[in-house]
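This is what each chain is made of:
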Amino acid sequence: KGQGLQPYQMHERWSEIQSAGVFKIDGQLYHLDSTDKVFLLSDVDEFYGQLEKIFKKSSNDKQGQWIVSNPCFEIWLYYCYLNNPEKDLKCLLSEPVATRSKKMKALGPMLVAGGLNPCKAFELMPAGIENSRNHYGADEQGIPVMLATQMHEMAQYLLDTMNKNADEYLEFV
């Protein structure tokens with residue numbers, strides 16, 4: 001409750017949406033179109049086992065794409081603002097899995113005045129993409145290694161999509 005869906009739940013819900021072709025959010029009905037792209041965002045946290053099983057069973061889903069961050073989404077925000085995880089985030093490597101995300105969230109205000117603000121990070125996406133790519137690695141299961149995220153893939157898709165229409169992203173920034 002209040003934490004969103006676990007990977008198993010997300011996978012099940014996405015399968016239902018694909019089968020039905022429709023879904024509701026707050027009573028509003030939406031139709032899944034063949035041109036829609038759906039990103040399924042998950043932290044690794046304690047969900048490694050769930051993600052591993054899902055990825056083993058997953059087919060080549062062109063419309064739905066998993067975006068996983070290790071340990072959590074805030075690693076993406078970190079890369080939007082900073083680029084020295086070996087120094088700045090070294091303490092996370094010895095942190096127990098159960099508390100890594102909480103520790104990562106607590107580090108934000110210590111690293112950046114005002115913290116790792118996701119609203120301001122939107123304008124920093126190009127730096128985040130580059131920094132995330134430079135520090136990206138995945139294990140044999142395709143799950144990002146510690147201090148890595150696949151958010152650069154989603155961010156690049158968003159930038160490319162927005163810039164196809166009169167450089168909307170560049171104009172916004």
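Before reading further, recall that the structure is shown in the block above.
Caption draft 1: Structural view of the pattern of salt bridges. Counted by the stated rule, this structure contains four salt bridges. In this structure, Glu74 engages Lys105 in a salt bridge whose closest nitrogen and oxygen atoms are separated by 3.5 Å. Here the residue Glu74 occupies a position in helix H3 (residues 74-81), and Lys105 occupies one in helix H5 (residues 97-111), the gap between them amounting to 31 residues. Between Lys87 and Asp88 there is a salt bridge, and its shortest N-O distance comes to 3.9 Å. The class for Lys87 is exposed, based on a relative accessible area of 63%. You can call Asp88 buried: its relative accessible area is 18%.

Caption draft 2: Helix H7 (residues 125-134), seen in detail. Of the residues making up H7, those classed as buried are Met125, Gly128, Ile129, Asn131 and Ser132. Buried residues in H7 make contact with H3, helix H6 (118-121), strand E5 (148-149), helix H8 (151-164) and helix H9 (168-172).

Caption draft 3: A look at the packing of aromatic side chains. Scanning the model with the defined rule gives six aromatic pairs in all. Ring geometry for Phe55 and Trp66: centres 6.1 Å apart, planes at 65°, overall edge-to-face. On the criterion of sequence distance, the pair formed by Phe55 in helix H2 (residues 48-57) and Trp66 in strand E4 (residues 64-70) is long-range, its members being eleven residues apart. A centroid spacing of 5.5 Å and a plane angle of 65° characterise the contact between Phe122 and Tyr169, whose relative ring orientation is edge-to-face.

Rules behind the numbers
- Residues numbered from 1 in each chain as written.
- Predicted model: local features only at pLDDT ≥ 70, side-chain atom pairs only at ≥ 80, totals over all residues.
- Heavy atoms only, no water.
- Salt bridge = Lys/Arg side-chain N within 4 Å of Asp/Glu carboxyl O.
- Helix = DSSP H or I, 4+ residues; strand = E, 2+ residues; numbered from the N terminus.
- Buried < 20%, exposed > 50% of the residue type's maximum accessible area, 1.4 Å probe, protein only.
- Contact = heavy atoms within 4.5 Å.
- Phe/Tyr/Trp six-rings, centres within 6.5 Å; stacked < 30°, edge-to-face > 60°.

Read these as layout, nothing more, since geometry by itself doesn't imply function.
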